[in-house]
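Listed below, chain by chain, are the residues.
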Amino acid sequence: MNWNVPNILIIVRFIFALIVISLLLIIPFFPYSENPNLYVEYANIKVNILNYVALFFFMIAAYTDYLDGHLARKNNQITTFGKIFDPLADKILVNSVLIIFTLFGRIPIIFTIIFVIRDLLVDGLRIALASSGEVLAANKWGKFKTLFQFFGLIILFLIFPSPGDMYYNWDINSLSLIVLFIGLIFSVLSGIKYYQMNWNKLFK
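Numbers given for residues are sequential positions, taken from 1 along each chain in its written order. pLDDT decides what is reported in this predicted model: residues at 70 or higher carry local features, side-chain atom pairs at 80 or more are listed and counted, and totals for whole chains, interfaces and linings draw on all residues regardless. Side-chain figures throughout are based on the complete set of non-hydrogen atoms in the structure, without hydrogens or water.

### Comments concerning the environment of L153
By the secondary structure assignment, L153 is in helix α5 (residues 140-159). Take L153: its relative accessible area is 0%, and that puts it in the buried class. For the purposes of this entry, the term helix denotes a DSSP run of H or I that reaches at least four residues, the term strand denotes a run of E that reaches at least two, and both are numbered from the N terminus. Using a 1.4 Å probe on the protein chains alone, a residue whose accessible area is under 20% of its type maximum counts as buried, one over 50% counts as exposed, and one in between counts as partly exposed.

This is the structure in structure tokens:
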């Protein structure tokens, strides 16, 4: 393996994704009723400080997604490892958080199903094109999808209490769902566009 900086950042993103997942999954074991000192209160919401730790790692991991691609292109360090595992690390990071918030009842399951199926279809297209030497270039709709998805999840990190605790603000939750819904629209549009632009290449 070529241990250049972009590839190392991809591995770091995998590690940070696991940290984020672990932190979110252990929050239910520290409810406010038993651990009030672990919570911060604002806007009539009580939020576990582990949320903020998870958010920190989530944002750093998301930044490495931009940084490794930028450095790989700038320094001509694009590798097969990067082509395969860069999008995989990104999908594990984001989709795992989507699934966890869905399991905790904060995101409608249909949102997550559409996001995940779209990603699987696009990744399948990317792999098919890569087998014939083609590269699936990002489009603007995909970038908008990532942006709205990212900010929708950040809102949930900031307001998410321990599951089962009645210290919640549904108005703010509704804001996060509106942002995620916009991301969902861009997700579907970008997926359709990817296939429209590359359909003929699949049957070469």
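### Considerations on the nonpolar core
Within the largest apolar cluster, 34 residues are counted, with the highest numbers of intra-cluster contacts made by L24, F58, V97, F101, I107, L153 and F157. At the level of elements, α1 (5-26), β2 (45-48), α2 (49-74), α3 (80-103), α4 (109-131), α5 and α6 (170-198) are the ones that each hand at least two residues to this core. Non-local contacts of L153, meaning those with residues more than four positions away in its chain, are made with F58, V94, V97, L98, F101, I107 and L180. One finds L125, L129, L136 and Y194 within the second-largest nonpolar core, a separate group that totals 5 residues. We define the nonpolar core as a collection of buried residues of types Ala, Val, Leu, Ile, Met, Phe, Trp, Tyr and Cys that are connected through side-chain atoms lying within 4.5 Å of one another. Residue contacts are counted whenever heavy atoms from the two residues lie within 4.5 Å of one another.

### Digging into the pairing of β2
By the alternation rule, side chains of β2 split into I45 and V47 and K46 and N48, which are all buried. In short, DSSP must find at least two bridges between two strands for them to pair. The pairing of strand β1 (residues 39-42) with β2 spans 4 bridges and is classified as antiparallel. By the bridge assignment for β2, V40 is matched with V47.

### Digging into the pattern of salt bridges
What makes a salt bridge here is a side-chain nitrogen of Lys or Arg within 4 Å of a carboxyl oxygen of Asp or Glu, nothing more. Scanning all chains against the criterion turns up 6 salt bridges. With a closest N to O distance of 3.9 Å, D123 and K91 form a salt bridge. Taken together, the residues span a long stretch of sequence, with D123 in helix α4 and K91 in helix α3 at a distance of 32 residues.

### Digging into the environment of P87
With respect to the helices and strands, the residue P87 is situated in helix α3. Linking P87 and A130, residues 43 residues apart in sequence, is a C-alpha distance of 13 Å. If we skip the residues at most four places from it in the chain, P87 touches G82 and R126.

### Details of the layout of surface pockets
Taken as a whole, the largest pocket holds about 1,600 Å³ of empty space. Forming the boundary of the largest pocket are 47 residues, of which D65, D86, P87, R126 and A138 lie nearest the centre. Among the secondary structure elements, those contributing two or more residues to the lining of the largest pocket are α1, α2, α3, α4 and α5. If one sorts the elements of the lining of the largest pocket by residue count, α3 sits on top with 11 residues. Gly is put with the polar residues, along with every residue not named as nonpolar or charged; the nonpolar set is Ala, Val, Leu, Ile, Met, Phe, Trp, Tyr, Cys and Pro, and the charged set is Asp, Glu, Lys and Arg. A breakdown of the residues in the lining of the largest pocket according to their chemical character gives 24 nonpolar, 10 polar and 13 charged. For cavity detection a 1 Å grid was placed over the protein atoms alone, and a set of points counts as a cavity when a 1.4 Å probe fits there but cannot get out; an open set counts as a pocket when protein lies on both sides within 12 Å along at least five of seven lines, with lining residues being those that have an atom within 4 Å of a point. Grid points are joined across faces, edges and corners, and a volume is the space filled by probe spheres set on the points.

### A short note on α1
Look at α1: 32 Å from first C-alpha to last across 22 residues, which is about the 32 Å you get at 1.5 Å a residue. Within the span of α1, buried status applies to P6, N7, L9, I10, R13, F16, A17, V20, I21, L23 and L24. On its buried face, α1 sits against α2, α3 and α5. Helix span, as expected, comes to 1.5 Å for every residue beyond the first.

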